[in-house]
Amino acid sequence: MQNLRKANGDDKSAIKEIYSSAFPENESDSVTKVAISLLEDNNNHDANPSKLCYSLVALRKDTVVGHISFSPVADAHDTNFRGYILAPLAIHSDYQRQGIGSELIKLGFQQLREVGVHMVFVYGDPNYYGRFGFREELAKHTQVGYDLTYPSGWQAVVLNEYSNDVSTTRKLVFHSALCDKDLW
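Numbering of residues begins from 1 in every chain and follows the order in which that chain's sequence is written. Where local features are concerned, this predicted model is filtered to residues with pLDDT of at least 70; where side-chain atom pairs are given and counted, the filter is 80 or more; whole-chain, interface and lining totals use all residues. Heavy atoms throughout the structure, all of them, feed into the side-chain values; hydrogens and water do not.

Chemist: I would appreciate a short explanation of the pattern of salt bridges in the present structure.
Modeler: Pairing between side chains of opposite charge can happen when the charged atoms of each approach one another. Just to be clear on terms, a salt bridge is a Lys or Arg side-chain nitrogen sitting within 4 Å of an Asp or Glu carboxyl oxygen. Applying the stated criterion across every chain yields a total of 5 salt bridges. In this structure, R5 engages D11 in a salt bridge whose closest nitrogen and oxygen atoms are separated by 2.8 Å. We classify R5 as partly exposed; its relative accessible area is 28%. By relative accessible area, which is 4% here, D11 ends up buried. The salt bridge partner of D75 is R170, with a shortest N-O separation of 2.4 Å. Residue D75 is found in strand β3 (residues 63-75), and its partner R170 is found in strand β8 (residues 170-173); the two are separated by 95 residues along the sequence. Here the residues in one salt-bridge network are D75, D78 and R170, joined through shared partners. Accessible area is worked out with a 1.4 Å probe on protein chains only. A residue is then buried under 20% of its type maximum, exposed over 50%, and partly exposed in between. Secondary structure elements follow DSSP: runs of H or I of four or more residues count as helices, runs of E of two or more count as strands, with numbering from the N terminus.

Right, dumping it as structure tokens:
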């Protein structure tokens, strides 16, 4: 088990290094920008708890080696719905395949479940995220507002049951850091 904690402003340099090592050069700058923007919101102590971004880090000894963010997702037509998106997630290339990403996801789910979040969305590899209960069919009644390069990568997992008309399409609204069509 890694040492996991809430990320803070002192982690910015380490987080930038993590994304530089984990993502190809043509993606790392944009993903790093998202991670830092969400980190800054994470540390806004005046934020409404229902709009709070969750940004967590994993440490090996005293070195930050992994990072994850969860940011709120609103439904334009249902103000009672509480959703989040997992984005981004990265583990430094020297520490991958050691279960660190899994631990960050599980801790994030635990924290979000405790505050009553209904669903978490992700846009990523179905083989990886499927291990945590993410399913494409759970996200099929949502509009993200962008053309997805890999539609099968748009998935969701239920954390707390929510009664609603599942035939109604949710129009999702994301944190401004994720509102760049090139991320989708």
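Chemist: Please explain unusual backbone geometry as it appears in this structure.
Modeler: The general pattern is negative phi for most residues beyond glycine and trans for most peptide bonds. A cis geometry characterises the amide bond from A87 onward to P88, with omega recorded as -5 degrees. You can see P88 is positioned in strand β4 (residues 78-91). For K61, which is not glycine, the phi dihedral falls at a positive 60 degrees. With respect to the element layout, K61 can be found in the loop between β2 (54-60) and β3. Phi at R97 is positive, roughly 65 degrees, even though this residue is not glycine. Residue position: R97 is located in the loop between β4 and α3 (100-114). Taking the relative accessible area as the measure of exposure, R97 reaches 86% and is therefore exposed.

Chemist: Honestly, the packing of aromatic side chains in this entry has me stumped. Any pointers?
Modeler: Any aromatic ring pair is given by two values, namely how distant the centres are and how the planes are angled relative to each other. Each Phe, Tyr or Trp ring (for Trp, its six-membered ring) is paired with any other whose centre lies within 6.5 Å, and the angle between the two planes then decides the class: stacked below 30 degrees, edge-to-face above 60, tilted in between. Enumeration over the complete set of coordinates arrives at 15 aromatic pairs. Here the aromatic rings of F121 and W154 are separated by 5.3 Å at their centres, their planes lie at 5 degrees, and the arrangement is stacked. With F121 in strand β5 (residues 119-123) and W154 in strand β7 (residues 154-158), the pair connects residues that are 33 residues apart, well separated along the chain. Each member of the pair, F121 as well as W154, carries the same accessibility label: buried. An aromatic cluster of at least three residues, connected via ring pairs, comprises F81, F121, Y123, Y146, W154, Y162, F174 and W184.

Chemist: I'm lost on the nonpolar core in this one. Help?
Modeler: The nonpolar side chains of soluble globular proteins are, as a tendency, buried together. Counting 24 residues, the largest nonpolar core has F70, L86, F109, V120 and F134 as the members making the most contacts within it. Taken together, the elements giving at least two residues each to this core come down to β2, β3, β4, α3 and β5. A total of 6 residues in this core trace back to one element, the largest contributor, which is α3. The contact criterion used throughout is that any non-hydrogen atoms of two residues lie within 4.5 Å. Filtering out sequence-adjacent residues up to four positions away, F134 remains in contact with L86, F109, V120, F121, V122, Y129, Q155, A156 and V157. Only buried residues count toward a nonpolar core. Its members are Ala, Val, Leu, Ile, Met, Phe, Trp, Tyr and Cys residues joined through side-chain atoms within 4.5 Å. Counting 18 residues, the second-largest nonpolar core is a separate cluster that includes A87, A139, W154 and W184.

Chemist: Would you mind showing me how to read helix α1 (residues 12-22) here?
Modeler: Turning to α1, its buried residues are I15, I18 and Y19. Angularly, the buried residues of α1 cover 90 degrees about the axis, an arc narrow enough to put them on a single face. Here the arc refers to the directions that run from the helix axis out to each C-beta atom.

Chemist: Is there a simple way to explain α3 in this structure?
Modeler: Every α-helix winds through 3.6 residues per turn, so residues three or four apart in the chain are directed the same way. Relative to the 21 Å expected for 15 residues at 1.5 Å per residue, α3 spans 21 Å between its end C-alpha atoms, a close match to the ideal helical length. Buried within α3 are the following residues: I100, G101, S102, E103, L104, I105, L107, G108, F109 and L112. Within two residues after α3, G116 carries a phi angle of roughly 85 degrees, on the positive side. A helix is expected to reach a length of 1.5 Å times the quantity of its residues less one.

Chemist: Would you mind showing me how to read the side chain of H92 here?
Modeler: Relative to the helices and strands, H92 resides in the loop between β4 and α3. Judged by relative accessible area, H92 falls into the buried class, the value being 13%. H92 has contacts with E17, I18, S21 and V65, leaving out every residue within four places of it along the chain.

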